[in-house]
Amino acid sequence: MERGDIIHLCWNRFLETGHPGNAGEWGEWVGILCEDPLWKQLTPIALEHELVDRKFWIAGKLDGLFYNNETEEVILIDLKTFEEKFDEKKQKWSKPSGSHTKQLGGYIDLLYINYSDLIIDKAMIIYSTQRQVIYKTYPDVERCRGDYQLARRVFIENQRKLHAF
């Protein structure tokens, strides 16, 4: 198994049982992730939950949907692993970059298709690194969903041009 698979498995086990199990060489990463104070605020609603859009035949498995006991928000979380590297010239650690609005929007769209009464208040990317946990919050879930729907529309149109059917 690769780093991401093992860390996801241990994180999921921790959220379900309170103990992450044996992470092998990734134990330090898992320890940092599971000790993060965020998990004390959150109650899992769904973990590793499979979803499908039967109209477009798109499926996905979200990492976690949570209820924040303090803010009363429903939060979609996608866990990513990221190895930080130290830049000797800049004397800085690398940080994750890039936008995940389309991916999060895809999960939001699938959730709304499958659970029409559900309201998601925000989405987050949680980066697990060998040094820390980094949060990237996306408060505008409808923008994420719109970015995904636009990308889906462009993809399907391009497929129709390639495969006229």
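The structure this text deals with has already been given above.
Predicted model, so just to flag it, every value in this text is computed and none were measured. (Residues numbered from 1 in each chain as written. Predicted model: local features only at pLDDT ≥ 70, side-chain atom pairs only at ≥ 80, totals over all residues. Heavy atoms only, no water.)

Participant: Would you mind going over unusual backbone geometry in detail, with residue names and values included?
Facilitator: The phi dihedral of E48 falls on the positive side, at around 50°, and the residue is not glycine. Turning to its location among the elements, E48 is positioned in strand β1 (residues 42–53). Judged by relative accessible area, E48 falls into the partly exposed class, the value being 29%. Positive phi is not limited to glycine here, since E72 has a value of about 60°. Relative to the assigned elements, E72 resides in the loop between β2 (58–68) and β3 (74–81). Note on E72: relative accessible area 58%, which makes it exposed. (Helix = DSSP H or I, 4+ residues; strand = E, 2+ residues; numbered from the N terminus. Buried < 20%, exposed > 50% of the residue type's maximum accessible area, 1.4 Å probe, protein only.)

Participant: If you had to explain the pattern of salt bridges to someone new, which residues and values would you point to?
Facilitator: If you walk through the whole model with that rule in mind, you get 9 salt bridges. Among the ionic pairs, D53 bridges to R152, the shortest N-O distance being 3.7 Å. Taken together, the residues D53 in strand β1 and R152 in helix α5 (residues 141–162) connect sequence positions 99 residues apart. Across the pair D109 and R152 runs a salt bridge whose closest N-O atoms are separated by 3.1 Å. Of the two residues, D109 is situated in helix α4 (residues 101–114) and R152 in helix α5; the sequence distance between them amounts to 43 residues. Note on D109: relative accessible area 2%, which makes it buried. A residue is classified by how much of its surface remains accessible, and R152, at 13% relative accessible area, is buried. Within this structure, D53, D109, R145 and R152 form a network of salt bridges that share partners. (Salt bridge = Lys/Arg side-chain N within 4 Å of Asp/Glu carboxyl O.)

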